[in-house]
Amino acid sequence: MSKVKLPVSPPVQLYARCVDASRRPTDHVGDWPEAGRVYPVQMRRNARTGQPQVHVLGFYAERPYGAFARHRFETVAQVWLN
């Protein structure tokens, strides 16, 4: 048996409210959040910069990459899955 530990995210589902839906980029192709709505999200780090970003589950985005800055959302719930 291998003793290598793989990075595993905790079994939680985050929900966040959009607090800033302004300044949609003109070249954005895909879904855009609405202010005040709550979305299921994942927090991931940007591969290039290492900064945390919000990924809204179920959103479709072609361009630019479908991630949003953290200042646009506030976490409202964290549900542990088992």
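Just above sits the structure.
All figures in this text were calculated on a predicted structure; none of them were measured in a lab.

Trainee: I keep staring at the pairing of strand 1 (residues 12-18) and nothing clicks. Help me out?
Mentor: Side-chain positions along a regular strand alternate between the two faces of the sheet. Alignment of strand 1 against strand 7 (residues 73-80), held across seven bridges, turns out to be antiparallel. Bridge pairing in strand 7 places Arg17 opposite Glu74. With four bridges connecting them, strand 1 and strand 3 (residues 38-45) associate as antiparallel partners. Bridged to Arg17 within strand 3 is Val38.

Trainee: Is there a simple way to think about the sheet that holds strand 1 in this case?
Mentor: Sheets are built from strands that pair by backbone hydrogen bonding, the pairs being arranged parallel or antiparallel. Ordered in space as 6-4-3-1-7, the five strands form an open sheet in which the pairing is antiparallel. Bordering the open sheet on either side are strand 6 (68-69) and strand 7, each of which pairs with just one other strand.

Trainee: Sorry if this is basic, but what is going on with the pattern of salt bridges here?
Mentor: Side-chain pairing between opposite charges can occur once the charged atoms of the two side chains come close. In this structure the tally under the stated criterion is four salt bridges. As a salt-bridge pair, Asp20 and Arg23 come within 3.4 Å of each other at their nearest N and O atoms. According to the relative accessible area criterion, Asp20 is buried, its value standing at 15%. You can call Arg23 exposed: its relative accessible area is 60%. Across the pair Arg37 and Glu34 runs a salt bridge whose closest N-O atoms are separated by 3.9 Å. Glu34 sits in the partly exposed class, given a relative accessible area of 45%. Taken together, the salt bridges that share partners define one network made up of Asp20, Arg23 and Arg72.

Conventions and cut-offs
Residues numbered from 1 in each chain as written. Predicted model: local features only at pLDDT ≥ 70, side-chain atom pairs only at ≥ 80, totals over all residues. Heavy atoms only, no water. Pairing = 2+ DSSP bridges. Helix = DSSP H or I, 4+ residues; strand = E, 2+ residues; numbered from the N terminus. Salt bridge = Lys/Arg side-chain N within 4 Å of Asp/Glu carboxyl O. Buried < 20%, exposed > 50% of the residue type's maximum accessible area, 1.4 Å probe, protein only.

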